[in-house]
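Commentary on secondary and tertiary structure
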Amino acid sequence: ESLSVQNLSSVQVQSGASSVNYGASGIGGAVALQSKNTLGGRGLSGDVSVEFGSNDYRSASIATLYSEETWGLSLGVSALSTDNERENDDFERESLQGRFDYQLFDNFSFELVGQYSDAEKGAPGVITNPKLDDRQWTTNWLLSPGVRYATDELTVHLFYSRSESQIDNDIEDFFGSI
């Protein structure tokens, strides 16, 4: 629920030996999210998605992509909300994803990928000791500039990725606030 697939071209789940590409951080497996490539001169396109379900589940997303021969931009916005089965077990998430590509030379391009999400989750506690006021807030962001050299025979992708995840909570256990 905390990862939005809006504005993505593919999602790859890797485990075992294939996750070694991600170093020590990928030892338990990795999820590779590939954003849509915006170069290619397709013009303007977009999609809208709305979902409803049990437990007051609501989800909506909007994605748009604009590209010309030498540059392109894609943006995706999504929101999700559900009450779940138990009291104080609600969940809400808003997210924004974007990508900008610019063709510098033949076969050589610059890219900037960004993502931001903000989520709030009720922490209901255990059934025998329900907590009606405990909450957890999670904020994640990612910013990744890069350059790509691509021909039919070879692709080299160099990028820097900076992300941060912050979790704040107002959860009390037997000993007090955590």
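To start, this report covers the structure provided alongside it. (Residues numbered from 1 in each chain as written. Predicted model: local features only at pLDDT ≥ 70, side-chain atom pairs only at ≥ 80, totals over all residues. Heavy atoms only, no water.)

What follows is about the pattern of salt bridges. Under the criterion given, the structure shown has 7 salt bridges. Notably, a salt bridge pairs Arg-135 with Asp-90, separated by 2.9 Å at the nearest N-O pair. One end of the pair, Arg-135, is in strand β10 (residues 135-150); the other, Asp-90, is in the loop between β5 (71-82) and β6 (91-105), and 45 residues separate them in sequence. Residue classification places Asp-90 among the buried positions, given a relative accessible area of 18%. A salt bridge links Arg-99 to Glu-111; the shortest N-O distance between them is 2.9 Å. Pair noted here: Arg-99 is in strand β6 and Glu-111 is in strand β7 (residues 108-122), with a separation of 12 residues, a long-range link. As far as the burial class goes, Arg-99 and Glu-111 line up, both buried. Salt bridges sharing partners connect three or more residues here, namely Arg-99, Asp-101, Glu-111 and Arg-148. (Salt bridge = Lys/Arg side-chain N within 4 Å of Asp/Glu carboxyl O. Helix = DSSP H or I, 4+ residues; strand = E, 2+ residues; numbered from the N terminus. Buried < 20%, exposed > 50% of the residue type's maximum accessible area, 1.4 Å probe, protein only.)

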